[in-house]
Amino acid sequence: MKKVVKFGGSSLASAAQFAKAGNIIREDVQRSYVVPSAPGKRFDGDTKVTDMLYGCYAAAEAGEDFSEKLAAVKARYDEIIEGLSLHLSLEDEFAVISENFLKKAGADYAASRGEYLSGRVMAAYLGFPFVDAAEVIRFTAGGEYDDNTTQELMSRRLSKYNNAVIPGFYGSYKDGRVKTFSRGGSDITGSIVAKAVRADVYENWTDVSGMLVADPRIVDNPQPIEYVTYKELRELAYMGATVLHEDAIFPVRQENIPINIRNTNAPEDPGTWIVGSTCQKSRYIITGIAGKKGFCSVNVEKDMMNSEVGFGRKVLQAFEDCGISFEHMPTGIDTLTVYVHQDEFIDKEQNVVSAIQRLARPDTIDIEADLALIAVVGRGMKSQKGTAATIFKQLSARDVNVKMIDQGSSEQNIIIGVANRDFETAIKAIYNGFVKGK
């Protein structure tokens with residue numbers, strides 16, 4: 001059995017956290033390939049190493065003296081090295097970094113050095129070979145992740161090692177320039193490595209014991225999720241659940257490799273299993289609730305709209321022409337409503353309205369702002385009657401007005417639209433209805 005283990009920034013924030021990660025790896029010989037993040041915050045008010053590097057490079061790019069800022073980054077790593085009693089010097093590494101900052105190597109290069117240096121320290125601590133992600137993860141000239149080339153490069157390289165450390169978050173273009181994934185991209189690296197080595201399990205170690213049914217900042221002590229499918233996770237992640245980067249699902253999903261979300265500070269907890277399919281039943285009808293604020297709706301009305309071929313395409317073309325993607329589009333016989341992110345839409349509002357008027361010739365166009373979307377997700381909803389009724393009952397009892405309801409054809413998710421001001425109340429109400437049964 002082969003496992004890939006990824007450790008987040010909070011799991012590697014200090015020497016003590018590095019030691020916890022090391023113990024976790026050593027206690028299971030199947031944990032063969034390690035993907036570290038850059039050190040995160042050690043305490044409230046602390047700064048993540050990635051943010052320190054961004055600040056350092058900004059100073060370099062502005063032609064300012066950045067030596068003190070870079071020395072502060074080095075001090076973070078020296079503190080970890082000393083705390084682990086390692087015989088390791090990063091002097092040469094920081095000399096190269098300083099030189100490349102002066103050469104304006106780019107913000108992506110700067111940000112990637114946090115993971116790169118973590119990888120160097122972790123490899124020395126474990127006695128594992130170090131494999132630079134820039135040599136095995138490839139991006140196209142347009143900045144898109146190149147899966148085929150990456151899998152070929154990484155599979156060939158890692159086949160030489162029974163164990164290895166591969167830094168998360170970055171790769172490179174063909175010419176060697178460093179390119180990063182979006183923030184949280186170390187999750188993606190772990191998934192890519194798991195696919196390349198055909199791992200049996202991808203363990204993602206963080207500072208929580210798996211996923212929770214609802215956001216703990218909204219619901220007090222929400223219940224944990226034991227099993228969630230890739231499809232369910234995709235829905236929850238897209239709507240704001242942030243335990244795992246949403247794009248980390250795709251590489252392992254292709255190979256049907258399960259993901260286990262675990263807690264570095266409580267390794268005895270089983271965490272959450274993310275799988276392709278399962279006969280494990282959810283403890284509740286729903287698997288999870290997630291949502292986001294900051295949407296607006298554009299309601300388009302036209303008599304006999306349903307019989308006009310191409311009407312929907314014309315409306316959506318107006319958004320496309322203005323460079324705006326849409327989230328949901330519930331329809332009626334004579335109405336069509338498009339939900340979009342408010343911050344993307346607000347500056348282009350009148351351009352979109354004019355384009356809809358020109359292309360679709362509607363009778364009226366109404367816009368409503370400050371809306372929130374909530375996803376209620378669960379594979380158990382398909383075989384259970386009255387799920388929507390329970391949602392409406394709970395929201396009505398708390399005077400929450402439902403602006404929109406949209407159920408996917410898979411019957412695994414229901415999207416609810418409410419006013420921003422009702423967002424937290426709605427999530428608590430739905431959670432109470434399904435989990436607490438009241």
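Keep in mind it's a predicted model, so treat the numbers as computed, not measured. (Residues numbered from 1 in each chain as written. Predicted model: local features only at pLDDT ≥ 70, side-chain atom pairs only at ≥ 80, totals over all residues. Heavy atoms only, no water.)

**Here's the deal with the packing of helix 3 (residues 67-83) against helix 4 (residues 91-102)**
Phase 1 of the analysis: For the pair helix 3 and helix 4, the least separation of the axes is 11 Å and the interaxial angle reads 155 degrees. By the angle between their directions, the pair helix 3 and helix 4 is classed as roughly antiparallel. Classified by chirality, the crossing of helix 4 by helix 3 is right-handed. For the pair formed by helix 3 and helix 4, the contact residues are Leu70, Val73, Lys74 and Tyr77 on the first element and Glu91, Phe94, Ile97, Ser98 and Phe101 on the second. (Axes fitted to C-alpha atoms, helices over the stretch in contact; angles between N-to-C directions. Helix = DSSP H or I, 4+ residues; strand = E, 2+ residues; numbered from the N terminus. Parallel < 35°, antiparallel > 145°, perpendicular 65-115°, else oblique. Left-handed = near helix turned anticlockwise from the far one by under 90°. Contact = heavy atoms within 4.5 Å.)

**So, the pattern of salt bridges**
Phase 1 of the analysis: According to the stated counting rule, one finds 24 salt bridges in the structure shown.
Phase 2 of the analysis: Between Glu93 and Arg120 there is a salt bridge, with the nearest N and O atoms lying 3.5 Å from each other. Of this pair, Glu93 sits in helix 4 while Arg120 sits in helix 5 (residues 107-126), and the two are 27 residues apart along the sequence. (Salt bridge = Lys/Arg side-chain N within 4 Å of Asp/Glu carboxyl O.)

**Regarding the sheet that holds strand 11 (residues 335-341)**
Phase 1 of the analysis: Strand order in the open sheet formed by five strands is 11-10-12-14-13, with antiparallel pairing between adjacent strands. The two strands at the open ends of the sheet, each matched to only one other strand, are strand 11 and strand 13 (404-407). Looking at each pair of strands side by side, their axes are set apart by 35 degrees on average, direction ignored.
Phase 2 of the analysis: Examined bridge by bridge, strand 13 and strand 14 (residues 413-419) share four bridges and lie antiparallel to one another. For Asp406, the partnering residue across the bridge sits in strand 14 and is Ile415.
Phase 3 of the analysis: Helix 8 (residues 230-238) rests against strand 10 (288-301), strand 12 (364-377) and strand 14 of the sheet, and its axis sits at about 70 degrees to strand 10.
Phase 4 of the analysis: Packed on one face of the sheet, helix 10 (residues 311-321) meets strand 10 and strand 11 and runs near 25 degrees to strand 11. (Pairing = 2+ DSSP bridges.)

**Observations regarding a negative patch on the surface**
Phase 1 of the analysis: Taken together, the side chains of Glu301, Asp303, Asp363 and Asp366 make up a negatively charged region of the molecular surface.
Phase 2 of the analysis: The residue Asp366 is located in strand 12 in this model.
Phase 3 of the analysis: On the basis of relative accessible area, Asp366 is assigned to the partly exposed category, the value being 42%. (Patch = residues over 30% accessible without salt bridge, like charges linked within 9 Å, V, L, I, M, F, W, Y side chains within 5 Å. Areas by Shrake-Rupley, 256 points an atom, 1.4 Å probe, with all protein chains shown as cover. Lys, Arg positive; Asp, Glu negative; His and termini not counted. Charge placed at Lys NZ, Arg CZ, Asp CG, Glu CD. Buried < 20%, exposed > 50% of the residue type's maximum accessible area, 1.4 Å probe, protein only.)

**A short note on the sheet that holds strand 2 (residues 31-36)**
Phase 1 of the analysis: Pairing is mixed across the open sheet formed by seven strands, whose spatial order is 3-2-1-6-8-9-7. The open sheet has two edge strands with one neighbour each: strand 3 (164-165) and strand 7 (227-229).
Phase 2 of the analysis: Sheet topology note: the strand 1 (residues 3-7)/strand 6 (residues 201-206) ladder contains five bridges and is parallel. Paired with Lys6 across the strands is Asn204, a residue of strand 6.
Phase 3 of the analysis: Helix-sheet contacts for helix 1 (residues 15-26) involve strand 1, strand 2 and strand 6, and the interaxial angle to strand 1 is about 170 degrees.

**So, the environment of Leu53**
Phase 1 of the analysis: Checked against the element boundaries, Leu53 lands in helix 2 (residues 49-61).
Phase 2 of the analysis: The buried category is assigned to Leu53, whose relative accessible area is 1%.
Phase 3 of the analysis: Considered as a pair, Leu53 and Lys69 are 16 residues apart in the sequence and their alpha carbons are 8.1 Å apart.
Phase 4 of the analysis: Apart from the residues lying within four places of it in its own chain, the contact partners of Leu53 are Val73, Phe101, Ala110, Ala111, Arg113 and Gly114.

**Brief notes about the pairing of strand 9 (residues 272-275)**
Phase 1 of the analysis: The pairing of strand 7 with strand 9 spans three bridges and is parallel. Directly across from Val228, in strand 9, lies its bridge partner Ile274.
Phase 2 of the analysis: The sheet contact formed by strand 8 (residues 259-263) and strand 9 spans three bridges and is antiparallel. Bridging across to strand 9, Ile259 finds its partner in Ile274.

Purely spatial values, then, with no claim about function.
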